[in-house]
Structure formats: C-alpha cells, structure tokens
Amino acid sequence: MSIKGTRRQFLKTAGALGAVSTVPMIGCGAAPKVVVIGGGFGGATAAKYVKWFGPEIDVTLIEPNKTYTTCPFSNLVLGGVRSLASITHDFVPMAEDHGVHVVQDLVVAVEHRKKMVKTQGGKTLAYDHLIVSPGIDFRFETIEGYDATVAETIPHAWKAGPQTALLRKQLEAMKDGGTVIIAPPPNPFRCPPGPYERASMIAHYLKRHKPKSKILILDAKDKFSKKGLFTEGWKSQYPGLIEWVPASKDGRVLRVDAKAMTVHTEFESHKGDVINIIPAQTAGKIAHTAALTNQFGWCPVKFDTFESTILDNIHVLGDASIATKMPKSGNAANTQAKVCAAAVVAVLRGETPSVPTTSNTCYSLITPNYGISVTAVYRVSAKGYTPVAGAGGLSPMGEGAKFHELEARYARGWYANTAKDIWG
Amino acid sequence: MRTHQPFRFGLILAAALAVAVPTVSAEAASKVARADLIASNCFNCHGFEGESIGVIDGLHDMSAKALVKKMNEFRSGAKPSTIMKRIAKGYTADEIQAMGRYFESLDNK
Ligand SMILES: Cc1cc2nc3c(=O)[nH]c(=O)nc-3n(C[C@H](O)[C@H](O)[C@H](O)COP(=O)(O)OP(=O)(O)OC[C@H]3O[C@@H](n4cnc5c(N)ncnc54)[C@H](O)[C@@H]3O)c2cc1C
C-alpha cells in the first residue's frame, strides 16, 4: 500500500471517529485546534484540507447558513440555463466524511489574546490557529440612494441566493423591448470578469425570449477583465444588444432613484426596467470587527502562510485578503486555502511550511456553448504573488466555434470538480 | 461513512487508530509533502485526488512518467489544447515531477 493510501485510509478512520465524540483522544493529550470562519470557497476548502494534510488536528467550521450557494454559475441562473438548486451545496460530507465539526452560527467577535471566538448563538470556541474567509461586504455609502433595503428591489446579486432569484424574477417579468442596466463596481472587487459574464448570460436570455430588449453597462472603470474576448464574443453572438459605457464617457453611477427606476451619472440619467447595481466592496464584516483590515478595508497577510500581518495565529483567505496579483476569485480562494492549510499543519507539527506555488483558472461563458478563460500559475516572493511570465494568460483572440465550445465544456467540468473539491 | 456508527464500531476504529498512529506520525515527520500541495492545484479541474466527476479527464490512474510526458507535450504544443499549454508552461520540471509522483502514489491502480 502506498504512503498516500495509508494516509487516506487514516483520514477516513479519523473522520468517522470525529463523529463519535465520546471516544477519547488516545495517548498524546489534546489535539491542536483549528477554527475556520466561513463555509465558502476559502473557508470550506481550508477546513477540509487541514484534515487532509493533518488528520490529527481538531477542525471546526463555523458558517451561519445551512447551505452555500456559489456565485460561480449564478450568472447561468440569470440566463435561465441552471437552477439555483444545482449550485447549492451542503456541509454534510464535511462533517460525515471529512471529520470536521460543523457549527451553524455567526461569529460576532474574535478575542485575539485569549485565542477564542464568540458566536451570536452564545458559543465560545478556543483555537490554536484561526482561519478567516468571510468574503466581502458592500460599501453602500459610495452610491447615493442605494443600501441594503433598496437592494431588496434593485438587487446587487453579488452574493448568490435570494438576490440571484430576485434578479432572475425581474428579468422574467420584464417586457420585451425593456432596458437592463448593469452597474459594475470600481476595483478591487470580487470576480473581475463577473459583471461582463452576467451581461452575456442576460443577453442569452433576452435574445431568445425578449429580442427587442437592450443591456446598458454603466461602468465605474475604463477597462475590464477579458475585455477583448468579451467584445469579440458580444459582436458575434449579440450584435447591438449590449452597450458598454466606460467611466471616462460618464459611465459611473453616482446615485440611484429607486422610485423612478433611474440611475444618475455625473451628467446624465438613465431609466431601467431592471437595474442591477454592484457596489464597491470591502472585506467581510468580521474581518473589520476583528481588526484584521488595513486603511483600504482589506486584510494584509504573509504570503507563504496567509497569516495576518496584524494579528498572530489568525489567517485570512479569499476575497477579504490582499493576495497581490491573485484575483478575488473562488478558484484563487481555493488554492490559497490549500497553501494556508498545509502551512498551519506544518507549523502545528513544528515544521517549516513549504514554499507555495498557486494557480487560478477563471472561465466565463458568453453563451452556454461559448467559453473563454484566463489562467495563471503564481510564485511567491517578498512582493507577493506574481504570475509566471510566459505562461498563463487569456484564451487567444480569433478562435473558432470549436475552441469556444470546448472551453464552455471545460467550464462545466471546472464547476463540477471544484464544487466536489470543496463541499464534496 | 454517512450513517451513524454504532459505538462498538467506534471502539474498533479507536483500536485501529491506536495502531495507525505511529505509522502516520512517521509520515507526518516526512513533512506536509510539497508534492501533495502542488498536485492539489490540479484538483479544481481534474477532481479531488484526481478523480474527475465532470467532462475533464481524471489523473488518479496516471503514472508519473505518463503525466510528465503529457505535460511536456502540452508545453511544446505537440499535443494541442485549449488551456493546458498556458498552464503547463507555468510549472518547473521539478514541480511536474512532483505532481506525477503524487498521482502515481495513489492507491487505485
Ligand atoms: C456573479 C459571480 C460570478 C463568479 N464566478 C466565478 C467563477 O466562475 N470562478 C471563480 O473562481 N470565482 C467566481 N466568482 C468569485 C467567487 O464567488 C468569490 O471569489 C469567492 O466566493 C470567494 O471566496 P471567500 O471564501 O473569500 O468568500 P465566500 O465564498 O463569500 O464565503 C464567505 C462565507 O463566510 C460566511 N461568513 C461571513 N461572515 C461570517 C461570520 N462572521 N461567521 C461565520 N461565517 C461567516 C458567509 O456566510 C459565506 O458563506 C464569482 C462571483 C460572482 C459574484
């Protein structure tokens, strides 16, 4: 039997034991404790992989929701090509197959000196290492007239779930010939190609069901991720359907009038039948409460371990962290979590963490059968994560239908395997 | 492992664990293997531990030699691809060897 086989077997055994809480630890005193905040891309991966690298460690994952709906592929829900159920995952395998204690609760405080966290439900949990992956929060104050309450009628849909369902419902209810306004945020934000994939998927729906309609993208930026590829795809798939207005041409939305269903830029106003405002972003609230953020609202970390540069023994992953050239993507959060998990296990065993190499692949769909991608392999230095020169990059321009059909297939392959890697 | 384990079974597992601990500690001492960490980069598209459930090929049954050969062919363009050329070029020969070693070590050949 291979070494790997032995360990995997052990993991299964240890996992089963985790479920039988009355069995005492054998021999070596209490197991080291790792607590993870957040069951999304970063947190769920970290919890599973601390166990994978270090079956002897006691891992608790705290997440307020019973299930997690992924933002990846939520644009396909808007396009009517996937259901919300098909992108929703639970934590049953986490608890039953991987031996992670799953606590359904919200962390409200981190007591750094005492090395413990407190939950809304009144629990106190001690840790040796804490891993924090709370995702993002919105800076509603950056757009006049927009806040969490208005978002119940003018959705952001930048956290998947009810917001996605609401935006889909509005698209279904819209008359043919209507205007859909999408207002993407300034950098940095979660999923740089996301707003433009969203425009594509909404266009896919409109083209088939409401062909006289239009999409108006009012952008807070002058360029965006995969711009050449999106523009090429829009031209061939949706001629005349999508208009993009950059910030330099007065694209930036400053004010929302929810009653009049109008958005205001510096010089103009635009009326929408469906409006999707994606506000500027900051690290998830608990990162602020725990004092893990810098003056820009994101969390600085040591690059080889994702340990906070502000507080010892607390690691921050995913969208909330500053991972230099790595984008705020689910795939990036996943690979960062593996690096962090390996580092935490190494440190708890008194070893030196190994030097990480991370990667990221982001597929976007222009139609269900037309995919594009960007990928990179990253190396770490004192300056942070830098993509390997001469590798990675975008899908080539000018490729034919066959190439893009394959990339669409691989996008679905990526989704299935990534979801299994994290919540399976 | 999704059903509840009767307590007796738990005890048997506990006994198994007691035996397993020294083996695992010995392996633990071999460091959190860099090969595992680097190979885990492949799991997003090719499946957890290389077992794919989607349309993308799995890697769990590949020998180290076959994986290295394929990666080199992607790199040079000898084997056409959509994305693998871009990815293969990002890793060093040592890293590709390490990935190969990891998938070869899986106990399912
Ligand atoms: C429309 C859209 C499309 C996207 N498409 C892609 C894609 O194709 N590929 C890709 O790689 N990425 C994509 N992304 C980006 C991806 O969703 C994020 O980068 C990813 O979710 C980041 O992971 P995270 O762990 O940082 O945060 P999240 O995944 O948001 O997880 C955070 C979790 O923490 C929990 N939490 C927050 N606060 C607390 C607390 N106090 N206590 C306990 N739990 C807490 C939350 O409930 C949540 O479950 C997309 C995003 C959007 C919006």
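Conventions we followed
- Residues numbered from 1 in each chain as written.
- Chains lettered and ligands numbered in written order.
- Predicted model: local features only at pLDDT ≥ 70, side-chain atom pairs only at ≥ 80, totals over all residues.
- Heavy atoms only, no water.
- Helix = DSSP H or I, 4+ residues; strand = E, 2+ residues; numbered from the N terminus.
- Rg over C-alpha atoms; globule rule 2.2 N^0.38 Å.
- Buried < 20%, exposed > 50% of the residue type's maximum accessible area, 1.4 Å probe, protein only.
- Contact = heavy atoms within 4.5 Å.
- Areas by Shrake-Rupley, 256 points an atom, 1.4 Å probe, with all protein chains shown as cover.
- Lys, Arg positive; Asp, Glu negative; His and termini not counted.
- Charge placed at Lys NZ, Arg CZ, Asp CG, Glu CD.
- 1 Å grid on protein atoms, 1.4 Å probe; cavity = no way out; pocket = protein on both sides within 12 Å on 5 of 7 lines; lining within 4 Å.
- Points joined across faces, edges and corners; volume = space filled by probe spheres on them.
- Nonpolar A, V, L, I, M, F, W, Y, C, P; charged D, E, K, R; others polar.
- Phe/Tyr/Trp six-rings, centres within 6.5 Å; stacked < 30°, edge-to-face > 60°.
- Pairing = 2+ DSSP bridges.
- Axes fitted to C-alpha atoms, helices over the stretch in contact; angles between N-to-C directions.
- Expected span 1.5 Å × (residues − 1).
- Core = buried A, V, L, I, M, F, W, Y, C linked by side-chain atoms within 4.5 Å.
- Near = heavy atom within 4 Å.
- Polar contact = N/O pair within 3.5 Å; in protein donor to acceptor, adjacent residues only side chain to side chain.
- Salt bridge = Lys/Arg side-chain N within 4 Å of Asp/Glu carboxyl O.
- Right-handed = clockwise from strand over helix to strand, strands pointing away.

Chemist: Mind showing me how you'd approach the overall build of chain A here?
Modeler: Within chain A, the regular secondary structure consists of 10 helices and 25 strands. What you see for chain A is a C-alpha radius of gyration of 22 Å, in line with the 22 Å of a compact globule of 424 residues. Taken along its principal axes, the extent of the C-alpha atoms in chain A is 70 × 45 × 40 Å. Looking at chain A residue by residue over its 424 residues, the buried ones come to 59%. Partitioning the intrachain contacts of chain A with sequence separation of at least 6 by distance along the chain shows that 66% fall at a separation of at least 24. Of the roughly 16400 Å² of accessible surface on chain A, a fraction of 55% belongs to carbon and sulfur atoms. Charged side chains in chain A number 48 positive and 35 negative. The centres of these two groups are separated by 3 Å.

Chemist: It is not clear to me how the overall build of chain B should be interpreted in this structure. Could you clarify?
Modeler: Each helix and strand in chain B was counted, giving six helices and zero strands. Start at the N end of chain B and walk to the C end: the helices and strands fall as α-α-α-α-α-α. Looking at chain B as a whole, 44% of its 109 residues qualify as buried. With the model as given, the accessible surface of chain B reaches about 5600 Å², and the carbon-plus-sulfur share is 60%.

Chemist: What's the story with empty space enclosed by the protein in this structure? I'm lost.
Modeler: As enumerated under the stated definition, the model contains two cavities of 30 Å³ or more in all. Roughly 110 Å³ of volume is contained in the largest cavity. Looking at the largest cavity, it is lined by 14 residues, and the ones nearest its centre are I143, P184, P186, A220 and V253 of chain A. In the lining of the largest cavity, the residues fall into 11 nonpolar, one polar and two charged. For the second largest cavity, the calculated volume is near 40 Å³. Around the second largest cavity sit D304, V339, A342, A343, P353 and S354 of chain A together with L37 of chain B, which together line it. No other element matches the three residues that helix α9 (residues 330–348) of chain A contributes to the lining of the second largest cavity.

Chemist: Help me out: how do you make sense of the packing of aromatic side chains in this one?
Modeler: Remark: the centre distance and the inter-plane angle together describe each pair of aromatic rings, the angle taken between the planes. Residue and element names in this part refer to chain A. Counted by the stated rule, this structure contains 26 aromatic pairs over all chains. Seen in terms of ring centroids, F41 and Y68 are 6.0 Å apart; in terms of plane orientation they differ by 75°. Their pairing is edge-to-face. With F41 in helix α2 (residues 41–53) and Y68 in strand β3 (residues 67–69), this residue pair connects regions lying 27 residues apart in the sequence. We classify Y68 as buried; its relative accessible area is 18%.

Chemist: I keep staring at the sheet that holds strand β8 (residues 124–126) of chain A and nothing clicks. Help me out?
Modeler: The pairing of strands in a sheet comes from backbone hydrogen bonds and takes either a parallel or an antiparallel form. All names here are of chain A. Ordered by their spatial adjacency, three strands build an open sheet running β6-β7-β8, and the pairing between neighbours is antiparallel. Looking at strand neighbours, the two that pair on one side only are β6 (107–111) and β8, the edges of this open sheet. The mean angle between the axes of side-by-side strands here comes to 20°, regardless of whether they run parallel or antiparallel. When β6 meets strand β7 (residues 116–119), the two strands line up antiparallel, connected through four bridges. Residue pairing for β7: A109 is matched across the bridge by K118.

Chemist: Could you clarify how one ought to interpret unusual backbone geometry in this entry?
Modeler: For residues that are not glycine, phi is negative in most cases, and the peptide bond is trans in most cases. Residue and element names in this part refer to chain A. Here the amide bond leading from N187 into P188 is cis, since omega sits at -10°, within 30 degrees of zero. The backbone phi angle of F306 is positive, close to 60°, even though this residue is not glycine. Mapped onto the secondary structure, F306 falls in the loop between β19 (299–300) and β20 (314–316).

Chemist: Even after reading the chapter, I still don't get helix α5 (residues 162–173) of chain A, so can you show me in this structure?
Modeler: Three- or four-residue spacings in an α-helix give side chains the same orientation, since the helix completes a turn every 3.6 residues. Between the first and last C-alpha of α5 of chain A there are 16 Å, a value that for 12 residues agrees with the 16 Å anticipated at 1.5 Å per step. Buried within α5 of chain A we find Q163, T164, L166, L167, R168 and L171 of chain A.

Chemist: Honestly, the nonpolar core in this entry has me stumped. Any pointers?
Modeler: When a protein is soluble and globular, its nonpolar side chains tend to lie buried together. Residue and element names in this part refer to chain A. Ranked by internal contacts, the top residues of the largest apolar core, which has 149 residues, are V110, V117, I215 and I277. For this core, the element with the most residues is α9, which contributes nine residues. Excluding its chain neighbours within four sequence positions, the residues that come into contact with V117 are V35, I37, I62, V107, A109, V110, K123, T124, L125, Y127 and L130.

Chemist: When you look at the site of the ligand in this model, what are you seeing that I'm missing?
Modeler: Residues and elements named next belong to chain A. Around the ligand, a shell composed of 36 residues is seen, among which G42, E63, Y68, S133 and R190 lie nearest. Backbone polar atom of V107 to a nitrogen atom of the ligand: 2.9 Å apart, as the coordinates give it. Between the ligand and the protein, one listed contact pairs an oxygen atom with a backbone N or O atom of N331 at 2.8 Å. Here the ligand loses 93% of its free accessible area of 1000 Å² to cover by the protein chains. Looking at the shell around the ligand element by element, the count peaks at three residues for α9.

Chemist: It is not clear to me how the pattern of salt bridges should be interpreted in this structure. Could you clarify?
Modeler: Any two side chains of opposite charge can pair, on the condition that their charged atoms come close. Residues and elements named next belong to chain A. Scanning the entire structure with this criterion turns up 16 salt bridges over all chains. Among the salt bridges present, the one from K118 reaches E111, with a minimum N-O distance of 3.3 Å. Relative accessible area serves as the criterion here: at 22%, E111 is assigned to the partly exposed category. Taking the shortest distance from any N to any O, the salt bridge between K175 and D273 comes out at 2.9 Å. Of this pair, K175 sits in the loop between α5 and β11 (179–183) while D273 sits in the loop between β16 (269–271) and β17 (274–277), and the two are 98 residues apart along the sequence. We classify D273 as partly exposed; its relative accessible area is 35%.

Chemist: Help me understand the pairing of strand β2 (residues 58–63) of chain A in this model?
Modeler: Residues and elements named next belong to chain A. When you tally the buried positions in β2, you get five out of six residues, the bulk of the element. Where strand β1 (residues 33–37) and β2 come together, five bridges link them in parallel fashion. Bridging from a neighbouring strand, V34 pairs with V59 of β2. Since β1 and β2 lie parallel, the crossover through α2 that links them has a hand, and here it is right-handed. Bridge count between β2 and strand β5 (residues 101–104): four bridges; the pairing is parallel. Opposite E63, over in β5, you have Q104 as the bridge partner.

Interpretation note: all reported values are geometric properties and have no functional meaning in isolation.
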